[in-house]
Amino acid sequence: MSSTSVAAKRRMHRATVLTTVVAIAPVALAIVAMTTESWREGLGLSLGLLATFLVLLDWDPSEHPLSTSLALAFSFVVWIICAVLAFNPVAFFGAAMLSGVLIPHLRRRHLAWIAALGVLIAAIGCLHLVTEPFSWGNVVRYVVVPGGLSVFVAAVNLMMQGYWGILKDLEVAQEAEAELGIMRERMRFAGDLHDIQGHTLHVVNLKVALAEELLTTNPDRARAELREVYDQVEETIRETRNLAYAERKLNLNAELENAKNLLEAAGVAVRISRHGKIRPGLDELLGQVLRETTTNILRHAEATEVQIRIFEGEIMISNDGAAEGPLPTLSGLSVLRQRVADAGGQLRVEQSAGTFSTSAGFPSAKSSAPQVGSEPQRSAP
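Residues numbered from 1 in each chain as written. Predicted model: local features only at pLDDT ≥ 70, side-chain atom pairs only at ≥ 80, totals over all residues. Heavy atoms only, no water.

K.L.:
Mind showing me how you'd approach the nonpolar core here?
P.N.:
The tendency in soluble globular proteins is for nonpolar side chains to be buried as a group. Core analysis: the biggest nonpolar cluster contains 29 residues, and Ile308 and Ile315 have the highest contact counts within it. When contributions to this core are tallied by element, the ones reaching two or more residues are helix 9 (252–265), strand 1 (269–274), helix 10 (283–300), strand 2 (305–310), strand 3 (314–319), helix 11 (331–342), strand 4 (346–352) and strand 5 (355–361). Sorting elements by how many residues they give to this core places helix 10 first, with 5 residues. Each residue touching Ile308, except ones within four places of it in the same chain, is listed here: Leu256, Val270, Arg271, Ile272, Ser273, Leu290, Ile315, Met316 and Ile317. Within the second largest apolar cluster, 27 residues are counted, among which are Trp79, Ile114, Leu117 and Leu149. (Core = buried A, V, L, I, M, F, W, Y, C linked by side-chain atoms within 4.5 Å. Buried < 20%, exposed > 50% of the residue type's maximum accessible area, 1.4 Å probe, protein only. Helix = DSSP H or I, 4+ residues; strand = E, 2+ residues; numbered from the N terminus. Contact = heavy atoms within 4.5 Å.)

Here's what the structure looks like:
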């Protein structure tokens with residue numbers, strides 16, 4: 001158990017004991033006042049009760065089983081002696097309090113044990129009637145009050161233990177929520193790192209292959225491609241550093257230009273159309289969808305044409321050359337689907353007749369998407 005958990009357990013134990021003291025101490029002190037014959041006797045008994053409560057603040061029965069057993073046996077012996085010799089009837093309180101603390105630690109049948117405790121304390125009190133003449137006053141002092149108050153003490157301890165259990169469950173739930181938040185953040189970081197590194201590796205692979213083909217026929221173009229590889233690696237280093245320091249931001253316009261250049265370098269025709277201005281707050285997330293989709297097209301498809309359509313709250317990317325069969329497993333888009341959903345949108349992936357489509361949209365009060373067959377307002381170069 002961690003030091004934090006131990007400290008929390010100790011705080012909850014103390015809170016439980018203090019609550020119990022508030023409920024029981026006034027009753028116990030009132031009984032002392034009614035049963036003592038002098039102020040010295042009353043003061044001594046009161047100090048003994050208060051000392052018992054102070055000990056309970058830091059005492060845990062489960063950590064001291066031997067001493068707990070000895071203390072329990074001693075407290076019952078004291079009550080037996082006091083009942084037989086007609087000493088002060090408050091002597092039952094030690095046995096009642098200690099038993100009341102132990103009963104909640106039992107696994108089952110707590111109410112039955114509480115009832116048995118009350119009967120036992122009352123039965124021991126009946127020993128007073130063996131040595132003293134019978135009177136209803138003595139029955140109340142040694143039998144009824146000790147038995148009833150023992151049940152009360154044990155019941156209060158049981159309820160306080162139940163509240164302690166609730167607090168413990170809340171603490172466990174809070175720790176689990178914190179761990180879940182950490183796991184989510186790790187998954188988000190891993191997804192962003194995958195986006196950066198995966199995209200860059202595909203770009204570098206493509207441009208190095210292109211530079212190798214141009215090395216003999218067009219050295220200048222080959223050197224230009226290699227310079228772009230160098231720039232791409234430098235950009236990836238910067239983005240990785242920004243990601244590590246939570247400063248990474250994507251720009252949809254930059255991602256559009258990057259996707260267009262990358263796909264055209266692979267021999268894919270790109271058509272981009274824009275319909276309105278992107279709503280605030282969506283630029284980065286739509287840029288992530290475009291980047292991941294571009295990487296998937298280069299990795300999984302043999303595309304000859306890609307269409308990118310952008311609306312105020314939606315991006316739609318479709319490409320030909322998709323393989324026949326069921327939808328492939330695309331882990332990057334799966335992570336993005338959850339991010340889009342968390343932001344109030346929906347990411348859809350469809351495949352039909354050799355065409356693969358990816359779209360991410362965020363609903364608004366008034367849709368900005370044009371009707372099928374309408375002309376776009378502006379086309380990107």
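Back to the write-up after that little detour.
K.L.:
How should the side chain of Arg339 be read in this particular structure?
P.N.:
With respect to the element layout, Arg339 can be found in helix 11. A polar side-chain atom of Arg339 sits 3.5 Å from a polar atom in the side chain of Gln288. (Polar contact = N/O pair within 3.5 Å; in protein donor to acceptor, adjacent residues only side chain to side chain.)

K.L.:
Looking at this structure, how should I read helix 9?
P.N.:
An α-helix turns once every 3.6 residues. As a result, residues three or four positions apart point the same way. The end-to-end C-alpha distance of helix 9 is 20 Å, a good match for the 20 Å that 14 residues give at a rise of 1.5 Å each. Within helix 9 the residues assigned to the buried category are Leu252, Glu255, Leu256, Ala259, Lys260, Leu262 and Leu263. Gly267 occupies a position one or two residues after helix 9 and carries a positive phi of about 85 degrees. (Expected span 1.5 Å × (residues − 1).)

K.L.:
Looking at this structure, how should I read the pairing of strand 5?
P.N.:
It is a general feature of regular strands that their side chains alternate between the two faces of the sheet. Most of strand 5 is tucked away, with 5 of its 7 residues classed as buried. Taken together, the 6 bridges between strand 3 and strand 5 define a ladder with antiparallel strand orientation. When the bridges of strand 5 are listed, Asn319 appears paired with Phe356. When strand 4 meets strand 5, the two strands line up antiparallel, connected through 7 bridges. (Pairing = 2+ DSSP bridges.)

K.L.:
Honestly, the packing of helix 9 against helix 10 in this entry has me stumped. Any pointers?
P.N.:
Relative orientation of the contacting elements helix 9 and helix 10 amounts to 10 degrees, with a least axis distance of 8 Å. It follows from the interaxial angle that helix 9 and helix 10 lie roughly parallel. Along its contact with helix 9, which presents Leu252, Glu255, Leu256, Ala259, Leu262 and Leu263, the element helix 10 presents Asp283, Leu286, Gly287, Leu290, Arg291, Thr294, Ile297 and Leu298. Considered class by class, the residues forming the contact of helix 9 with helix 10 number 9 nonpolar, 2 polar and 3 charged. (Axes fitted to C-alpha atoms, helices over the stretch in contact; angles between N-to-C directions. Parallel < 35°, antiparallel > 145°, perpendicular 65-115°, else oblique. Nonpolar A, V, L, I, M, F, W, Y, C, P; charged D, E, K, R; others polar.)

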